[in-house]
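What the coordinates show
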Amino acid sequence: MAEISYLDFDLRFERIETGYRARVVGSQAISVASDFTLPFSAEALENYLLKIGRPRRDVRRFESREVELAKDFGRQLFDAAFGREILSCLHQSLDEAARQDKGLRLRLNLTDAPELADLPWEYLYEPQRNLFFALFGKTPIVRYLDIAERIQPLAVQPPLKILLMISAPSGVSSLDTGREWTNLTQALADLQSRGLVTLDRLDTATLPELQRRLRQGQYHIFHFIGHGAFVQQSEGGALLLEDDQGGARAVGGQELGWLLRNHPQMRLAILNACEGGRASRSDPFAGTAQSLVQQGLPAVIAMQFEISDQAAITFTREFYAALADGYPVDAALTEARLAIFAANDNGLEWGTPVLYMRAPDGRIFDLAATAPRPAPPPAKPEAKVQDKDLEEGLARRYTQALACFYTEQWDQAVEAFREILARRESYEDAAAKLTEATRQAELAAHYAEGQNAVSTQAWATAVEHFQAILALDAGYRDAAVLLADAKRRKVLADLYAEARRLHAAGTWPAVVKVFERIAAVDPAYPDPENLLASARAAIEADERERRLASLYSQGIRNLDEGKLAEALAQFQEVQNLSSGYAQAEALIVRAKRLQVERQAAEQHRAQLADLYRRGVQRLQAGQPEEAQQYFEEIERLQPGYQDVEALLAQARQTLADRKAAEQRRAQLNDLYEQASSQLRLENWGEAERLCSQLLELQPHYRDAETLLAKARNRIAARRAAEERAAREAASLPPPPTARPGKPATLPEEIKARPKPKDLPH
């Protein structure tokens, strides 16, 4: 085989503000860069992936609708990422590789733009050449990761040793492990018979079992078949291995990588798991495949989409064959892609495998030439003359052995073939028949023991025997079905035992949860001990007790806070749920009594409020007598109520002020009447005094000022008359001396003068 070698076309991607930048580094041509944005929306990309990534199990022409979609997707991605200058650089590099009679390895470095790893770059398509690069042996596509460690090919004397793990944990979608094992062994049967590869299967798909097997022997390739997942919360990939109970255990690529990197002979991992090749949008090593490469594996092949059985068989056979022929891992993968494509019944599944690599030239093994098998030694010439009895005895015994062999009486067949070989080591095919009979006897013994374990419900023992059968013969009878059933029943039995233990401990919710797991495996699984029903009854009783206690405590709290209606309703509900519970009945009586008291108090308050309102209204309306009555009634019913004492004092004061005002008005009116009367009697001095007193008490009272002025005028007139009369009297002769005993008499003219009181008013 001519040596396969490549030049490298390294295209590094990085984020920029406007989108992405593709930069050619380390090429034979001049280093160039080109900026671009993705040519499709997230929704359009999802639609492409849904249509391109589905496994196809029916025959399709190459020019199918899916192929046209793949071309359209690959063209858009190629046109975007390979700008004019980069495309020119690519063509120069292809020309240079052709000149050197080499291929051109397209190494995509997505470390600085990990979200681009979600794109299926394996469908890159150049329309001018009508070429899918990944389908052309001269242009393999590799997802290349920059890691400082240098990778040297591992010198290996064939066979390549493959360690297979088929994981089918309970609780996830079923996986036909027997079919997977059969498919893989059939795919590798020729390589195994030629001594190019060996295939060992782990007894159980657990991480501890993997550690033990790696410690016990050296392997070059880890091949995983099972379920994978991409955890959105942590944006990390995981493989679903089994735990000790057969349930699912998610093992991340980092965790698995820590284990595998302790074994430097391990150079390659094949992950036939859904979503095993998917990448994170923020961390280039978060996906399972990337994490394994980060942890030291030179190369990892993962499936970015679900892959059909036929495509998986074709991939396995052709990839390992090319690898055993000394192909670099990327060239071997291209051979596998071409084989899937050539089968013409798997649609676009040739693009499903994704290669993550850090070996610069793709060479992870340096396989020594397989030594030619030594020719069998020449047979010793037998004596021409044989003992007739010996020959007849051997023939009879051989016939008996064959009869036992073909009637599956394996122990008798083994015994018979051993007798024959003891008498003649090379008798016909007795040695081969003995080997097969021995194997079949071992299989039959395991089968019988497994069935016996099933009949006694010793499920762990049954699992051991059926696993031993499948390790010897993956297609033996119905062992795969029996193993799956035994595993399932073991899981159920273990769960029921755990439920019994939890039931004994009184952890009722845990019992129910265990039965939920049981129902997920077998909804009709029996419960002879009535564990679930009693646990649910206990939960209901506990819940009822908690409900009663909660209602009771809430009722007491509401009673203390004066929320009588709520408290009464809660105590009555308690009483309905459990008559005689604690002091609920007495508390109901108390709550009702307090309600009556509260109602009376509220009526009392309403009465007081009404009296208060009426009193204030009367007081504001100037009806102090009625206001006083309302306030006095309030004082009688509840002394000290609000500001009633002050309002009552105000009403009384108003009444007193009103009475005093009336008395004053009466006094003023009396003085006025007296003054008026004195004026009429012409008692001017008395009238003046009364008017003056009246005006002192009430200035401007009625016409008191006018009356006062009138009285004073009359007094002044009288005085003036008296003074005039006096002056006149002083000018007359002295009167005659009166005789004693006889009053003097006035002159006639004086007698004739009018008296002052006769003056006109």
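Here we summarise the structure given alongside this text.

Cut-offs and rules
- Residues numbered from 1 in each chain as written.
- Predicted model: local features only at pLDDT ≥ 70, side-chain atom pairs only at ≥ 80, totals over all residues.
- Heavy atoms only, no water.
- Buried < 20%, exposed > 50% of the residue type's maximum accessible area, 1.4 Å probe, protein only.
- Helix = DSSP H or I, 4+ residues; strand = E, 2+ residues; numbered from the N terminus.
- Pairing = 2+ DSSP bridges.
- Contact = heavy atoms within 4.5 Å.
- Salt bridge = Lys/Arg side-chain N within 4 Å of Asp/Glu carboxyl O.

Moving on, we come to the pairing of strand β4 (residues 103–112). Along any regular strand, the residues point their side chains to alternate faces of the sheet. Among the ten residues in β4, eight count as buried, and that is most of the element. Two strands pair when backbone bridges link them, and β4 and strand β7 (residues 141–144) are joined in this way by three bridges, in the parallel orientation. The residue of β7 that forms the bridge with L108 is R143.

To continue, consider the side chain of R143. Here R143 is to be found in strand β7. If we skip the residues at most four places from it in the chain, R143 touches L108, L110, A117, L119, P120, W121, E122, Q304, V354, L355, Y356 and M357.

Opposite charge on two side chains allows them to pair when their charged atoms are near. Within this structure, the stated rule accounts for 42 salt bridges. A salt bridge links R107 to D10; the nearest nitrogen and oxygen atoms lie 2.5 Å apart. With R107 in strand β4 and D10 in strand β1 (residues 6–16), this pair connects stretches of sequence that are 97 residues apart. Accessibility classification places R107 together with D10 in one group, the buried group. D330 is paired through a salt bridge with R105; the nearest N and O atoms lie 2.3 Å apart. Taken together, the residues span a long stretch of sequence, with D330 in helix α9 (residues 329–343) and R105 in strand β4 at a distance of 225 residues.

Attention now moves to unusual backbone geometry. Cis geometry marks the peptide bond from P158 to P159; its omega dihedral reads 15°. Mapped onto the elements, P159 comes out in the loop between β8 (154–156) and β9 (160–166). Phi angles above zero are rare outside glycine, and E428 is one such case at about 40°. Residue placement: E428 occurs in the loop between α11 (410–423) and α12 (430–455). On the basis of relative accessible area, E428 is assigned to the exposed category, the value being 56%.

Attention shifts here to the environment of K490. Counting through the fold element by element, K490 comes out in helix α14 (residues 479–505). With 245 residues separating them along the chain, K490 and Q245 place their C-alpha atoms 8.3 Å apart. Contacts of K490, omitting those with residues within four sequence positions, involve D244, W459, A460 and V463.

The two faces of strand β3 (residues 33–36) differ: S34 and F36 on one face are buried, but A33 and D35 on the other face are not. In the sheet, strand β2 (residues 19–25) pairs with β3 via four bridges, with the strands oriented antiparallel. Within β3, the residue paired with R21 across the bridge is D35.

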